[in-house]
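# Coordinate inspection notes
Each chain, letter by letter, is given below.
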Amino acid sequence: MTNFSIATTKTQFADIAELADIIWREHYIPIIGLEQVDYMMKNYQSAEAMYAQFIDGYHYFMIYYNDQFVGYISIKKEAKSLFLSKIYISKEYRGKKIGTSAMNFIEEKAIEMNCKSIMLGVNRFNVNTIAAYKAMGFKIIGEMITDIGNGFIMDDYKMEKLIF
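The structure displayed is predicted, hence computed values, not measured ones. (Residues numbered from 1 in each chain as written. Predicted model: local features only at pLDDT ≥ 70, side-chain atom pairs only at ≥ 80, totals over all residues. Heavy atoms only, no water.)

## Some thoughts on the overall build of the protein chain
Helix and strand content of the protein chain: 5 helices and 7 strands. Ordered by position from N to C terminus, the α and β elements of the protein chain give β-α-α-α-β-β-β-α-β-α-β-β. In summary, the protein chain has a C-alpha radius of gyration of 15 Å against a globular reference of 15 Å for 164 residues, a match within 12%. Considering only C-alpha atoms, the protein chain reaches an extent of 40 × 35 × 30 Å along its principal axes. The proportion of buried residues among the 164 residues of the protein chain is 45%. (Helix = DSSP H or I, 4+ residues; strand = E, 2+ residues; numbered from the N terminus. Rg over C-alpha atoms; globule rule 2.2 N^0.38 Å. Buried < 20%, exposed > 50% of the residue type's maximum accessible area, 1.4 Å probe, protein only.)

## Section: the packing of helix α1 (residues 10–32) against helix α3 (residues 47–55)
Their axes nearest at 8 Å, the elements α1 and α3 cross at an angle of 125 degrees. In this view, α1 runs oblique relative to α3, as classed from their interaxial angle. Handedness of the crossing formed by α1 with α3: right-handed. Contacts from Lys10, Phe13, Ala14, Ile16 and Ala17 of α1 reach α3 at Ala47, Met50, Tyr51 and Phe54. When its residues are assigned to classes, the contact of α1 with α3 shows 8 nonpolar, no polar and 1 charged. (Axes fitted to C-alpha atoms, helices over the stretch in contact; angles between N-to-C directions. Parallel < 35°, antiparallel > 145°, perpendicular 65-115°, else oblique. Left-handed = near helix turned anticlockwise from the far one by under 90°. Contact = heavy atoms within 4.5 Å. Nonpolar A, V, L, I, M, F, W, Y, C, P; charged D, E, K, R; others polar.)

## Digging into the side chain of lysine 86
Along the polypeptide, lysine 86 turns up in strand β4 (residues 81–89). Summary of buried charges: lysine 86 has no salt-bridge partner, and the nearest side chain of opposite charge, aspartate 56, is 10 Å away. Within the local environment of lysine 86, its side chain forms a polar contact with the side chain of tyrosine 60, the two groups lying 3.1 Å apart. Here serine 85 takes part through its side chain, which lies 3.4 Å from a polar atom of the side chain of lysine 86. (Lys, Arg positive; Asp, Glu negative; His and termini not counted. Salt bridge = Lys/Arg side-chain N within 4 Å of Asp/Glu carboxyl O. Polar contact = N/O pair within 3.5 Å; in protein donor to acceptor, adjacent residues only side chain to side chain.)

## So, the nonpolar core
Residues Ile73, Ile75, Leu84, Ile87, Ile106 and Met159 are the most contacted members of the largest nonpolar core, which totals 27 residues. When contributions to this core are tallied by element, the ones reaching two or more residues are β2 (59–65), β3 (68–78), β4, α4 (98–112), β5 (117–123), α5 (127–135) and β7 (152–162). For this core, the element with the most residues is α4, which contributes 6 residues. Excluding residues that lie within four positions of it along the chain, isoleucine 73 makes contacts with Phe4, His59, Tyr60, Phe61, Ile63, Leu84, Lys86, Ile87, Ala102, Phe105 and Ile106. (Core = buried A, V, L, I, M, F, W, Y, C linked by side-chain atoms within 4.5 Å.)

## Section: the packing of aromatic side chains
All told, the structure shown has 14 aromatic pairs when counted by the stated rule. Measuring from centroid to centroid gives 5.6 Å for tyrosine 51 and phenylalanine 54, while their planes differ by 50 degrees, and the two rings are tilted. Here tyrosine 51 and its partner phenylalanine 54 are both found in helix α3, 3 residues apart, which amounts to about one turn of the helix. Every member of this aromatic cluster is reached through a ring pair, and the members are Phe13, Tyr51, Phe54 and Tyr60. (Phe/Tyr/Trp six-rings, centres within 6.5 Å; stacked < 30°, edge-to-face > 60°.)

Have a look at this one:
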């Protein structure tokens, strides 16, 4: 059974950051390297960074599977789209339809917020994740190369799923 709980406290963001550190190191080091992972963890996935995003209007949700904290989501309404900033699930819990439940939850939030689509960015070399998004109805609609500082870039595809 998958459940979602909104995160609002610094303690919850510390728990999310702890899980993010594990997920990011195992998943992204082979794709973007240790130095960029360390940089992005500090600037985007730390408890402080995520709490600042929360204050700036991002909604964070903790994902629980059979009462075990296994992942997290971050979303923000932007005009008529819902921006899916983060969706991460622990490696040992993948393949249990948690991602499907999470996407259903995100779609419900998009509808509640009167959004016409869900937008996201995904690293262009993250092939398994791109395939999963395509299977859930997302389409690649562009490319995004973003300078994130310190000599690093995010080399992403922009993906969109229309909500009907």
